[in-house]
Amino acid sequence: MTTSPIQTQLETLQTEAIDAIADSSSLDELEQLRVKYLGKKGQLSQILRGMGKLSPEERPAVGNKANVVKEAVQTNLDRQKDRLQQAAVAAKIAAETLDVTMPGVSRPLGRVHPLNGTVDRVLDIFVGLGYTVATGPQIESDYYNFEALNTPQDHPARDMQDTFYLPDGNLLRTHTSSVQIRYMENNEPPIRIIAPGRVYRRDTVDATHSAVFHQVELLAVDKGLKFTDLKGTIKEFLQRMFGSELPVQFRASYFPFTEPSAEVDVQWKGKWLEVMGCGMVDPNVLKAVGYDPEVYTGFAAGFGVERFAMVLHQIDDIRRLYNSDLRFLRQF
Ligand code: DAH
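Residues numbered from 1 in each chain as written. Predicted model: local features only at pLDDT ≥ 70, side-chain atom pairs only at ≥ 80, totals over all residues. Heavy atoms only, no water.

(A) Structural detail: the layout of surface pockets. A volume near 1100 Å³ is recorded for the largest pocket. Taken together, 39 residues form the lining of the largest pocket, with Glu274, Val275, Phe303, Gly304 and Arg307 sitting closest to its centre. Where the lining of the largest pocket is concerned, the elements lending two or more residues are β5 (212–222), β6 (248–255), β7 (258–268), β8 (271–281), β9 (297–304) and α10 (305–313). For the lining of the largest pocket, the element with the highest residue contribution is β8, accounting for 8 residues. A class-by-class count of the residues in the lining of the largest pocket yields 16 nonpolar, 14 polar and 9 charged. Size it by volume and the second largest pocket reaches roughly 160 Å³. Surrounding the second largest pocket, Leu109, Gly110, Arg111, Val112, His113, Leu326, Leu329 and Arg330 form its lining. Here the residues of the lining of the second largest pocket sort into 4 nonpolar, 2 polar and 2 charged. (1 Å grid on protein atoms, 1.4 Å probe; cavity = no way out; pocket = protein on both sides within 12 Å on 5 of 7 lines; lining within 4 Å. Points joined across faces, edges and corners; volume = space filled by probe spheres on them. Helix = DSSP H or I, 4+ residues; strand = E, 2+ residues; numbered from the N terminus. Nonpolar A, V, L, I, M, F, W, Y, C, P; charged D, E, K, R; others polar.)

Structure, rendered in structure tokens:
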């Protein structure tokens, strides 16, 4: 049996196709090869169109051969397709690889300043006791800083606080007690407020004094408030601030806006430390805001934030709190 020219053509097609498939480098290219060799108008179809001229005896062998060639080409197409797809996935993975050993970008974390941290602790404690946070302006009138707080023009207590006066007759508040008046003017009892803020005094700056510092003011006004309520509140506060079972003592003192008045000491590291002033709100103060002192009584207290921060964190110089020295601030 002789080999017909069609069979030779088929063999050539097979060799050529398999080589081209092996050389292809993209799925697009591979698809073009499929169309070129096996497509409807492809080379295989064209060759088979010549089968009509063959004798009936020749046809089965050529038909067989055509099938074998078609299958071989198709198998090679499938295999190459797999290979190219895998290569594409591998390339994609390689491009998206994350180097987990690369050093990270470190973002410096800020910290709460020890003064703010101290105020936050104080506010937390009083808010927990049902108090509301109040604030007032740092530039004040003589009325709110002194007059309404039972400290008239010629009152000797004005010398206790060296005041910065402004050219327009206003002043920089010397204490947060002015917030008491502003709050009471705008609210009716019962009142329970805690008022943090910045205050100013003409003090020479040294290790324990600053011309600008911070206070927290406490005020409660209600029917039937007594000195024991003040004592209980202050004790509770100090124990939460410094730790439980801390000895606390009240010493009689004087403030124009309270009667009676006291200063409070805590025993801290073996020494009595003065930490705040307090007292029962003077009836004249209640009258100044239009409250009837026969119906309402109140208690108040005020203390310096710097002093608390210094005691709690064992800071030896108040100026460290204002220097913004990161070596210092990072310790809190
Ligand atoms: N305002 C006072 C000062 O700056 C502190 C003070 C004392 C506030 C007694 C009060 C108080 O509310 O009752 O020295």
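(B) Structural view of unusual backbone geometry. Residue proline 190 is reached from proline 189 by a cis peptide bond, and omega for that bond is 0°. By the element assignment, proline 190 lies in the loop between α7 (177–186) and β4 (191–200). Backbone torsion omega between glutamate 259 and proline 260 reads -5°, so that peptide bond is classified as cis. By secondary structure assignment, the location of proline 260 is in strand β7. Even without a glycine there, the phi angle at glutamine 314 is positive, about 55°. Here glutamine 314 falls in the exposed class, since its relative accessible area comes to 59%. Within the chain, serine 324 stands out as a residue other than glycine whose phi angle is a positive 55°. (Buried < 20%, exposed > 50% of the residue type's maximum accessible area, 1.4 Å probe, protein only.)

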